[in-house]
Structure formats: C-alpha cells, structure tokens
Amino acid sequence: QLATDRAGLQRRGAEQAAHVAEHRHAERVHTALFRIADAASSVQEMPAFYATMHQIVGELMEARNFFVALYDEATERVNFPYYVDEVDPVVPDPRVWHKMGLGDAKGLTAYVLRTGCPQQLTARRQMELVEQGEVELLGLLSVDWLGVPLRTGGRTLGVLVVQSYSEGGAYTDQDLALLAYAGQHIATAL
C-alpha cells in the first residue's frame, strides 16, 4: 500500500510540475507576442526593429540564424536587409537586390515567395526540392528551416526565416505559428 501511495504522489507531483512548466511557457509566449506587437507599433529604424524581432523570437525558439528578405513585386527582386548566420560565412549584401531566380534569389526564400505559403523544411525536404529543380542550395544545408511570407493587404513583401544547423534543433508547429505572428507585424511595419 505504501509503495502504491508513493507512486501516486510521485505521478501527481510530476503532473503538477509539467502543468507549472506549461503555464510558465504560455506566459513567456504571451509576453513575447505583446513585445512583438509593441515593437511593430513604435518602429523608428528598420535595422533596429529587425534586431529587436530577432531577439524576441530567439527567446522562444532556436533563432541564432535569422534573416529578413524583402521582395519588390514591381521589379521581381529580393533583398536581404537583415541576415544573421552563425555558421555560413557567405552573407548576402544588404545593398543588393537580386532578380528572382538569380543569385541569392533562387533558394528556399524564393520558394516561399513563389508558393506564398509558410514552409518548414527539414534537410531531407530541402534536398528533395533541389533534386526536383525547385530551388538551388545556397550556403550550407540546415537541419531544419522555417520561412513565412511577410504579407499585408494581399501583397507579399518578403520572407522571415529561422534555421537550425544542430541536430535536435527541429522546429514545431508552435514555432511556425510564432514566426508567422512575428512576420505579420514585420509586414505591418514595412
């Protein structure tokens, strides 16, 4: 009887600890979402705004590798005004606009622009897209890649991306939803 009671207490303790951890995570997400909305409503300079978004997103998910790509629909060109990558030494020049399908505008970012849909791409899926001729591999292959279109008023203004190079750095549906939320606010700020 004593062993049964002890096991029950341990199980209830573990359940309670899990509930507390879940509640704390929900509070952190809520606070981060508020900070994202607040930052978007008070933009002074876009580079500082991108850095703030990077910091907030990085508090909730793996975001050491984070970039913003802008898209000019009229000229069909892509630009990378904010780009942080801990592994890949080749960083796109923020002053250059690349024609879609050429240069730095022929990879996964261009794929998100063409499809207009959020994408979560494992290394395997990235290679499948390369083999299918949908994209070219630019830079190093990441373990997991998330990209969401920056959309407002029915127009796509760019793409927001995070990527992980480390095993065990897989993103979740919750991460994709959070990135999409941040992307909505970046699009509004643009």
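So, here is what we can say about the structure in this document. What you see is a predicted model, and the numbers here were worked out from it, not measured in a lab.

The six strands are arranged β3-β2-β1-β6-β5-β4 in an open sheet whose pairing can be described as antiparallel. For this open sheet the edge positions go to β3 (98-99) and β4 (119-122), each flanked by a neighbour on one side alone. Docked against the sheet, helix α5 (residues 173-189) engages β1 (65-72), β4, β5 (144-152) and β6 (155-164), running at close to 35 degrees with respect to β5.

Looking now at the packing of aromatic side chains. Evaluation of the coordinates by the stated rule reveals six aromatic pairs. Aromatic side chains F49 and Y50 sit 6.3 Å apart centroid to centroid with 45 degrees between the ring planes, which places their arrangement in the tilted category. Per residue, the accessibility class of F49 equals that of Y50, and both read buried. Through a chain of ring-to-ring contacts, the aromatic side chains of F49, Y50, F66 and Y82 assemble into a single cluster.

Below, the discussion takes up the layout of surface pockets. Considered as a void within the structure, the largest pocket measures approximately 320 Å³ in volume. Forming the walls of the largest pocket are 22 residues, and the residues nearest its centre are F67, Y83, D88, L138 and G139. Contributing elements (two or more residues each) for the lining of the largest pocket: β2 (77-84) and α3 (108-115). Partitioned by chemical class, the residues of the lining of the largest pocket number twelve nonpolar, six polar and four charged.

Let us look at unusual backbone geometry. Here the phi dihedral of E76 falls at roughly 55 degrees; this positive angle occurs in a residue that is not glycine. The residue E76 is located in the loop between β1 and β2 in this model.

Residue position: H54 is located in helix α2 (residues 46-58). At a separation of 2.6 Å, a polar atom in the side chain of H54 contacts the main-chain carbonyl oxygen of A63.

The end-to-end C-alpha distance of α2, which contains 13 residues, comes to 18 Å, matching closely the 18 Å that a straight helix rising 1.5 Å per residue would cover. Of the residues making up α2, those classed as buried are F49, Y50, M53, H54, I56 and V57.

On to the pattern of salt bridges. Overall, the coordinates contain nine salt bridges when judged by the stated rule. In this structure, R95 engages D93 in a salt bridge whose closest nitrogen and oxygen atoms are separated by 2.8 Å. On the basis of relative accessible area, R95 is assigned to the exposed category, the value being 70%.

Before going further, it helps to spend a moment on the nonpolar core. What tends to happen in soluble globular proteins is that the nonpolar side chains get buried as a cluster. Ranked by size, the top nonpolar core spans 24 residues in total, and within it F66, V68, L160 and V162 carry the most contacts. Listing elements by their share of this core, those giving two or more residues are α2, β1, β5, β6 and α5. Residue contributions to this core peak at six residues, all from α5. In this structure, L160 is in contact with F66, F67, V68, L146, G147, V148, L150, L179, A182, G183 and I186, ignoring residues within four places of it in sequence. Judged by nonpolar contacts, the second largest core, of 17 residues, contains V78, Y83, L108 and V159.

How each quantity is defined
Residues numbered from 1 in each chain as written. Predicted model: local features only at pLDDT ≥ 70, side-chain atom pairs only at ≥ 80, totals over all residues. Heavy atoms only, no water. Pairing = 2+ DSSP bridges. Helix = DSSP H or I, 4+ residues; strand = E, 2+ residues; numbered from the N terminus. Contact = heavy atoms within 4.5 Å. Axes fitted to C-alpha atoms, helices over the stretch in contact; angles between N-to-C directions. Phe/Tyr/Trp six-rings, centres within 6.5 Å; stacked < 30°, edge-to-face > 60°. Buried < 20%, exposed > 50% of the residue type's maximum accessible area, 1.4 Å probe, protein only. 1 Å grid on protein atoms, 1.4 Å probe; cavity = no way out; pocket = protein on both sides within 12 Å on 5 of 7 lines; lining within 4 Å. Points joined across faces, edges and corners; volume = space filled by probe spheres on them. Nonpolar A, V, L, I, M, F, W, Y, C, P; charged D, E, K, R; others polar. Polar contact = N/O pair within 3.5 Å; in protein donor to acceptor, adjacent residues only side chain to side chain. Expected span 1.5 Å × (residues − 1). Salt bridge = Lys/Arg side-chain N within 4 Å of Asp/Glu carboxyl O. Core = buried A, V, L, I, M, F, W, Y, C linked by side-chain atoms within 4.5 Å.

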